[in-house]
Protein chains: 2
Amino acid sequence: MKNMKADGLSINLATVRQQFDLKTGVEACLKHGITAIAPWRDHIQATGLREAAHIIHSNNLKVTGYCRGGLFPAADAAGRQAAIDMNKEMIDEAAAIGADCMVMIGGGLPPGSRDMKGARKMFAEGLAAVLPHARANKVPLAIEPLHPMVAADRGCVSLLCEALDICDALGEGVGVAIDVYHLWWDPNLERDIARAGARVIAHHICDWLVPTKDLLLDRGMMGDGVVDLPGIRRMVEAAGFHGHQEVEIFSAENWWKKPGDEVLRTCVERYNTVC
Amino acid sequence: MKNMKADGLSINLATVRQQFDLKTGVEACLKHGITAIAPWRDHIQATGLREAAHIIHSNNLKVTGYCRGGLFPAADAAGRQAAIDMNKEMIDEAAAIGADCMVMIGGGLPPGSRDMKGARKMFAEGLAAVLPHARANKVPLAIEPLHPMVAADRGCVSLLCEALDICDALGEGVGVAIDVYHLWWDPNLERDIARAGARVIAHHICDWLVPTKDLLLDRGMMGDGVVDLPGIRRMVEAAGFHGHQEVEIFSAENWWKKPGDEVLRTCVERYNTVC
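This is a predicted model, so every value here is computed, not measured. (Residues numbered from 1 in each chain as written. Chains lettered and ligands numbered in written order. Predicted model: local features only at pLDDT ≥ 70, side-chain atom pairs only at ≥ 80, totals over all residues. Heavy atoms only, no water.)

Colleague: Where do I start with the overall build of chain A in this structure?
Modeller: Each helix and strand in chain A was counted, giving ten helices and nine strands. A compact globule built from 275 residues should have a C-alpha radius of gyration of about 19 Å, and chain A, at 18 Å, falls within 12% of that. In terms of its C-alpha atoms, chain A occupies a principal-axis envelope of roughly 55 × 45 × 35 Å. Considering chain A as a whole, with its 275 residues, one finds that 59% of them fall into the buried category. Sequence separation of at least 24 residues holds for 77% of the intrachain contacts in chain A that already meet a minimum separation of 6. Accessible surface, chain A as shown: approximately 10,600 Å² in total, 50% of it carbon and sulfur. Put simply, chain A has 29 plus and 35 minus side-chain charges, and the middle of one group is 1 Å from the middle of the other. (Helix = DSSP H or I, 4+ residues; strand = E, 2+ residues; numbered from the N terminus. Rg over C-alpha atoms; globule rule 2.2 N^0.38 Å. Buried < 20%, exposed > 50% of the residue type's maximum accessible area, 1.4 Å probe, protein only. Contact = heavy atoms within 4.5 Å. Areas by Shrake-Rupley, 256 points an atom, 1.4 Å probe, with all protein chains shown as cover. Lys, Arg positive; Asp, Glu negative; His and termini not counted. Charge placed at Lys NZ, Arg CZ, Asp CG, Glu CD.)

Here you go:
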């Protein structure tokens, strides 16, 4: 389509994870004029850190985020230490690829636990433990509140206001990722994004489908669901964030089955028409 | 099992909706010592209001709630009026069966709408429109916040704090139903239940399964999931509610497929052991 711009658009490579690895994903993005990406750790590990950094830097790519750290809650001290070590390694990788931030999710309840408060405490403690390393490497940590439907097994931090309380406690070097999929329904979203202000360091987009058939892998393309994308973007910009909108779509039965070029073309089109 | 008591236990008949109608459901409950139920409108309509009221009163049953009204958001004025009319009829039915309250859910976005704020406004306006009729009939209205995963298509009121704001605006005759399935994950739950105080007029129980395979019909039996049921009950009682715990389980692939007697026996057992 004519007059379609990709300035300000970033592609989280999970969106095309079944179609491309880092190298082919970058090539495909560039073909569509997309010069910003967000890779996952498995992309970097499959390619090798050195080669990954080369691909990213030689193509002058912006990296809007590195996915995904956090996941600190664990059943015992050894598990918690392993999560801290993993996050420190990821911070090194994020620095090597020049990521704007590293995305941190809460993690779920340890096996057999019903103690959400305890899980949240472990998340905050883990974050505090890796923060000096993140600061030293100039990698901002972006807490991403996840939808309450994955609170038990994936993200014990659900509300933006919770994430901001953790930010307030930890100080510099920690911000939030506003993912519309997780937060669109929150009646306090406008209030809390305004409170976030300069803490907003990432903005992820996709759409909420009606009906949604899977709790994890049925995210929609922008425009195909009920999220007021321009409305949330206005809140995010009013808070002072004018960075990229990063498309992150997990879609096992639809977009992951389509040709990657079609997915990327559709992302650019929808970014221009509905975001 | 011995020494199992059903005092304080109520069965929402949706839990055994595939096994029993009102009459056979009541008979089965009584056999297990359960003397409190919560029927849905389809139970009452299939039986006839007069006969339903007779079954309930002649067996001296407590009715912990009548399901479910609300659902006020609609695409046009005619749709909104139809919802108001439907709710007024249900209030009459709730009065006829002596229900402790009528459960009110938000309803979803009207077709094509992305305006959650507008949907919430329509919900509050609809509630205000039927409230005088509810007061005149002495039927308390219990706003039930629903899990954010059904915000788009079923319940635009997600958080307890939202429901309490509506209560505050409307005054006497409106309270809240605390359903652990919808609210267990909320980091502000203890704060908001305390705020609710005497507004708590119903307490629904079941469990959140890991993994959850369906957004609507995969609720778990108490004890099979991650909800801290005794912890939430303590909050509810601290707020001043000592009424029944009402089991409401939608379980298409598990409990709806088991013999109704087994389901009820399990409800009594778990009520005694994990709630």
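Colleague: When you look at the relation of the copies chain B and chain A in this model, what are you seeing that I'm missing?
Modeller: Mapping between the two copies of the chain is achieved by a rotation about an axis and a shift along the axis. Mapping chain B onto chain A is achieved by rotating through 180° and translating by 0.0 Å along the same axis, at an RMSD of 0.0 Å. In the structure described here, the two chain copies are related by an operation that fits a two-fold rotation axis. (Least-squares fit on C-alpha atoms with pLDDT ≥ 70 in both.)

Colleague: Explain the pattern of salt bridges to me, please; I cannot follow it from the model alone.
Modeller: Side chains bearing opposite charge may pair, as long as their charged atoms lie close to each other. A complete count under the given rule lists 35 salt bridges over all chains for this structure. When the shortest N-O distance is used, the salt bridge between B:Glu190 and A:Lys117 registers 3.7 Å. With one member in each of two chains, B:Glu190 in helix H8 (residues 189-196) and A:Lys117 in helix H5 (residues 116-136) form a pair that bridges those chains. Judged by relative accessible area, which is 46%, B:Glu190 ranks as partly exposed. (Salt bridge = Lys/Arg side-chain N within 4 Å of Asp/Glu carboxyl O.)

Colleague: Help me understand the side chain of B:Arg120 in this model?
Modeller: Here B:Arg120 shows up in helix H5 (residues 116-136). Polar side-chain contacts of B:Arg120 include one of 2.5 Å to the backbone oxygen of A:Trp185. B:Arg120 has contacts with A:Trp185, A:Asp186, A:Pro187, B:Cys156 and B:Glu162, leaving out every residue within four places of it along the chain. (Polar contact = N/O pair within 3.5 Å; in protein donor to acceptor, adjacent residues only side chain to side chain.)

Colleague: Just checking my understanding: could you explain the sheet that holds strand E9 (residues 245-247) of chain B for this structure?
Modeller: Two orientations exist for strands paired in a sheet by backbone hydrogen bonds: parallel and antiparallel. Taken in spatial order, the nine strands of this open sheet run E3-E2-E1-E9-E8-E7-E6-E5-E4 (chain B), and their pairing is parallel. Each end of this open sheet is capped by a strand with a single partner; those strands are strand E3 (62-63) and strand E4 (66-70) of chain B. (Pairing = 2+ DSSP bridges.)

Colleague: What am I meant to see in the layout of surface pockets here?
Modeller: The rolling of a water-molecule-sized probe over the atoms marks out the regions of remaining empty space. Considered as a void within the structure, the largest pocket measures approximately 590 Å³ in volume. Listing elements by their share of the lining of the largest pocket, those giving two or more residues are H5 and helix H6 (160-170) of chain A together with H8 and helix H9 (229-238) of chain B. Per-class residue counts for the lining of the largest pocket are 14 nonpolar, two polar and ten charged. Size it by volume and the second largest pocket reaches roughly 390 Å³. Going through the elements one at a time, helix H8 (189-196) and helix H9 (229-238) of chain A together with H5 of chain B are the ones with two or more residues in the lining of the second largest pocket. Broken down by class, the residue content of the lining of the second largest pocket amounts to six nonpolar, one polar and eight charged. (1 Å grid on protein atoms, 1.4 Å probe; cavity = no way out; pocket = protein on both sides within 12 Å on 5 of 7 lines; lining within 4 Å. Points joined across faces, edges and corners; volume = space filled by probe spheres on them. Nonpolar A, V, L, I, M, F, W, Y, C, P; charged D, E, K, R; others polar.)

Colleague: I keep staring at the interface of chain B and chain A and nothing clicks. Help me out?
Modeller: When the parts of a complex come together, some accessible area is lost, and that lost area is often taken as the interface size. With 33 residues of chain B in contact, the opposing surface of chain A contributes 33 residues. Interface of chain B and chain A: buried area, both sides summed, is about 2,300 Å²; carbon and sulfur atoms make up 67% of it. Considering only the side of chain B, the residues that lose the most area to chain A are B:Arg114, B:Trp185 and B:Leu215, jointly responsible for 25% of the buried surface there. Counting every contact that joins chain B to chain A gives two salt bridges. Linking chain B with chain A are six residue pairs in polar contact (both at pLDDT 80 or more), by the criterion used here. Secondary structure elements with two or more residues in the side of chain B that touches chain A: H5 and helix H6 (160-170) of chain B. The dominant element in the side of chain B that touches chain A, judged by the number of residues it contributes, is H5(B), at three residues. Of the residues in the side of chain B that touches chain A, the class split is 16 nonpolar, seven polar and ten charged. (Buried area = accessible area lost by both parts, 1.4 Å probe.)

Colleague: Would you explain the packing of aromatic side chains in this entry?
Modeller: Aromatic ring pairs: the centre-centre distance and the angle between the two ring planes describe each pair. Residues and elements named next belong to chain A. As enumerated under the stated definition, the model contains eleven aromatic pairs over all chains in all. The interplanar angle of 45° and the centroid separation of 6.3 Å between the aromatic rings of Phe250 and Trp256 together place this pair among those described as tilted. Here Phe250 matches Trp256 in class, with each residue buried. Chaining the aromatic ring pairs together yields one cluster made of Trp40, Phe250 and Trp256. Over the ring of Trp255 we find Lys258; its NZ or CZ atom is 5.3 Å from the centre of that ring. (Phe/Tyr/Trp six-rings, centres within 6.5 Å; stacked < 30°, edge-to-face > 60°. Lys NZ or Arg CZ within 6 Å of the ring centre and 35° of its normal.)

Colleague: Any chance you could explain H8(A) here in plain terms?
Modeller: Each full turn of the α-helix corresponds to 3.6 residues, which orients residues three or four apart in the same direction. Residues and elements named next belong to chain A. When we look at burial in H8, the residues that qualify are Leu189, Asp192, Ile193 and Ala196. The arc that holds every buried residue of H8, seen down its axis, measures 100°, which confines them to one face. Phi turns positive one or two residues past the end of H8, at Gly197, with a value near 50°. (Arc of directions from axis to C-beta.)

Colleague: So what exactly am I meant to see when it comes to the sheet that holds strand E1 (residues 9-12) of chain A here?
Modeller: Residue and element names in this part refer to chain A. Read across the open sheet, the nine strands follow the order E3-E2-E1-E9-E8-E7-E6-E5-E4; overall the sheet is parallel. Lying at the two open borders of the sheet, with one neighbouring strand each, are strand E3 (62-63) and strand E4 (66-70). Taken together, the three bridges between E4 and strand E5 (residues 102-105) define a ladder with parallel strand orientation. Paired with Gly70 across the strands is Ile105, a residue of E5. Where H9 meets the sheet, its contacts fall on strand E7 (174-179), strand E8 (200-205) and strand E9 (245-247), and the angle it forms with E8 comes to roughly 175°. Its contacts with the sheet place helix H10 (residues 260-273) against E1 and E9, and it is angled at close to 145° to E1. (Axes fitted to C-alpha atoms, helices over the stretch in contact; angles between N-to-C directions.)

Colleague: What is the right way to look at unusual backbone geometry in this model?
Modeller: Only a minority of non-glycine residues have a phi that is not negative, and only a minority of peptide bonds are not trans. The peptide bond linking A:Val210 to A:Pro211 adopts the cis configuration, its omega dihedral lying at 0°. Tracing the backbone through its elements, the reader meets A:Pro211 in the loop between E8 and H9. Note the cis peptide between B:Cys67 and B:Arg68, where omega equals -20°. Within the secondary structure, B:Arg68 sits in strand E4. We note that A:Asn60 has phi near 55°; this positive angle belongs to a residue other than glycine. By secondary structure assignment, the location of A:Asn60 is in the loop between helix H3 (49-58) and E3.

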